[in-house]
Amino acid sequence: MGERDILERIGCAVVVLPTWDEGAAIEAARDADAVICPPHLSRRFIESLERCRIIACSSMGMDGVHGIDVATEKGIVLSHVPDVFADEVAMHTVTLLLTAARRIVASAAWVAAGNWGKPGARPPHEHIHRVVGETLGLIGFGNVGRRVAQRMRGFDMTVLAHDPFVSAEVLREHGARPATLGQVLQDADFVCLMAPLNAQTRHMLAAREFRLMKREAILVNTARGELVAESALIAALQTGAILGAALDVTEREPIDPDNPLLALPNVVVTPHMSSLSAPASVERRLRPAHEVAAVLTGHRPRAVWNRAVLERLALR
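Residues numbered from 1 in each chain as written. Predicted model: local features only at pLDDT ≥ 70, side-chain atom pairs only at ≥ 80, totals over all residues. Heavy atoms only, no water.

Peer 1: Looking at this structure, I do not really get the nonpolar core. What am I missing?
Peer 2: Nonpolar side chains tend toward joint burial in soluble globular proteins. By size, the foremost hydrophobic cluster in this structure holds 34 residues, and its most contacted members are Leu 136, Leu 138, Val 148, Met 152 and Phe 190. At the level of elements, helix H5 (86-101), strand E4 (135-139), helix H7 (143-152), strand E5 (158-162), strand E7 (190-193) and strand E8 (218-221) are the ones that each hand at least two residues to this core. In terms of residue count, H5 provides more of this core than any other element does, eight residues in total. Residues contacting Leu 138, with those up to four places away along its chain left out, are Gly 145, Val 148, Ala 149, Val 159, Leu 160, Ala 161, His 162, Val 184 and Cys 192. Grouped together as the second largest cluster of nonpolar side chains are 31 residues, Val 184, Met 213, Leu 227 and Leu 264 included. (Core = buried A, V, L, I, M, F, W, Y, C linked by side-chain atoms within 4.5 Å. Buried < 20%, exposed > 50% of the residue type's maximum accessible area, 1.4 Å probe, protein only. Helix = DSSP H or I, 4+ residues; strand = E, 2+ residues; numbered from the N terminus. Contact = heavy atoms within 4.5 Å.)

Peer 1: Any chance you could explain the packing of H5 against H7 here in plain terms?
Peer 2: Between H5 and H7, whose axes approach to 8 Å, the crossing angle comes to 50 degrees. Classified by the interaxial angle, the pair formed by H5 and H7 is oblique. As H5 packs across H7, the resulting crossing turns out to be right-handed. Here Ala 86, Asp 87, Val 89, Ala 90, Met 91, Thr 93, Val 94 and Leu 97 of H5 come into contact with H7, specifically with Asn 143, Val 144, Arg 147, Val 148, Arg 151 and Met 152. Of the residues assigned to the contact of H5 with H7, the class counts are nine nonpolar, two polar and three charged. (Axes fitted to C-alpha atoms, helices over the stretch in contact; angles between N-to-C directions. Parallel < 35°, antiparallel > 145°, perpendicular 65-115°, else oblique. Left-handed = near helix turned anticlockwise from the far one by under 90°. Nonpolar A, V, L, I, M, F, W, Y, C, P; charged D, E, K, R; others polar.)

Peer 1: Explain the state of the cysteines here, please?
Peer 2: Covalently bonding the sulfur atom of one cysteine to the sulfur atom of another cysteine gives a disulfide. Per the stated rule, a full pass over the model turns up zero disulfides. Between Cys 12, a cysteine without a disulfide, and Cys 52, which holds the nearest cysteine sulfur, the sulfur-to-sulfur distance is 11 Å. Look at Cys 12 and you get partly exposed, because its relative accessible area is 21%. Free cysteine Cys 57: the closest other cysteine sulfur is in Cys 37, separated by 4.2 Å. Residue classification places Cys 57 among the buried positions, given a relative accessible area of 1%. (Disulfide = S-S within 2.5 Å.)

Peer 1: Got a minute to help me understand the sheet that holds strand E2 (residues 54-57) in this structure?
Peer 2: Adjacent strands of a sheet form backbone hydrogen bonds with each other and so pair up, either parallel or antiparallel. If you walk across this open sheet you meet the three strands as E1-E2-E3, and the pairing is parallel. Both outer strands of the open sheet, strand E1 (34-37) and strand E3 (77-79), are each paired with one neighbouring strand and no more. The mean angle between the axes of side-by-side strands here comes to 15 degrees, regardless of whether they run parallel or antiparallel. Here E1 pairs with E2 via four bridges, running parallel. By the bridge assignment for E2, Ile 36 is matched with Ala 56. Most of the contacts of helix H12 (residues 278-296) go to E2, to which it runs at about 165 degrees, and overall it touches E1, E2 and E3. (Pairing = 2+ DSSP bridges.)

Peer 1: Hey, could you run me through helix H2 (residues 22-29) in this one?
Peer 2: Because each turn of an α-helix spans 3.6 residues, side chains separated by three or four positions end up pointing in the same direction. Buried within H2 are the following residues: Ala 25, Ile 26 and Ala 29. Looking straight down H2, one finds that the buried residues subtend no more than 100 degrees of arc, so they occupy a single side. Contacts from the buried residues of H2 go to E1 and helix H3 (43-48). (Arc of directions from axis to C-beta.)

Peer 1: I would appreciate a short explanation of the environment of Ile 55 in the present structure.
Peer 2: Topologically, Ile 55 is positioned in strand E2. Expressed as a C-alpha distance, the spacing of Ile 55 and Leu 315, which sit 260 residues apart in the sequence, is 16 Å. When near neighbours in sequence (up to four residues on either side) are disregarded, Ile 55 contacts Val 35, Cys 37, Leu 41, Ile 46, Leu 49, Ile 76, Val 77, Leu 78 and Ser 79.

Peer 1: I'm lost on the sheet that holds E5 in this one. Help?
Peer 2: What the seven strands build is an open sheet, ordered E6-E5-E4-E7-E8-E9-E10; its pairing is parallel. The open sheet has two edge strands with one neighbour each: strand E6 (177-178) and strand E10 (267-269). Where H7 meets the sheet, it contacts E4 and E5, and its direction lies at approximately 170 degrees from that of E4. Where helix H11 (residues 230-239) meets the sheet, its contacts fall on E8, strand E9 (244-247) and E10, and the angle it forms with E9 comes to roughly 140 degrees.

Peer 1: Which parts of the structure should I look at to understand the side chain of Asn 306?
Peer 2: Inspection of the secondary structure puts Asn 306 in the segment after H12. The residues touching Asn 306, leaving out its near neighbours within four places in the chain, are Ile 68, Ala 71, Thr 72, Ile 76, Val 77 and Leu 78.

Quick look at the structure:
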């Protein structure tokens, strides 16, 4: 069953726009009861909706949606899919961490360049982490952070976690020690960013924070590129303030081919792919339709970004 089948079963007439043009989208959606769209909406678009009850996005974060307050005032539910690909992102985080810790990319490039067996050619084997028994620092402890902690405990790692919205009791229940941001940065051998992007977290890691980290530390970011002040990260990597970085996200995407990060041997960059898998892609496509069907039949959806709107709606 596809998303059209799900919606037509509850009596919806489905209008599909072949491309996202805001003007055309406003005209098509003005009288719509529900909208399924990417998580990149302007305040103008939300203000134009006259009878919409739910906007369903197939994303984990909603930092690209502007006018959330307007949606709440209008009684429009903003739904997202925070759990659909949490396992994929967690596995990609672990994969990047191990790849950087073991210098896999640099070593493979060294072999591909014909250096293995060449007299005097030294492999890039300096500062390879043991991983087992080391300290993992998680900044953010939601669906993904908890899954990363679970997987890395198999390496007998000490897990530190900082999340001001998660209680110390919940952190301990998932095998993590509560820590301040400063403690995570100072004590962790691997710092993994798991936080959402908002006004408070944008550039939460900048020059000052990199100075707190161990010189042997590796930064892993599979959340949002703008959590990091990229110029400060580049400087920290170039000067040896930290050992390396493994990134699935960057400040500007796609990354500029001339970005210094791509020329550094102690950096691994993947193309914002951590959420990908065949099963997750199917669920990611169907879930917004299920959320729309729930709201239009008077039921509460599984995930709501603007939870304050629920106080105004009588959803079962």
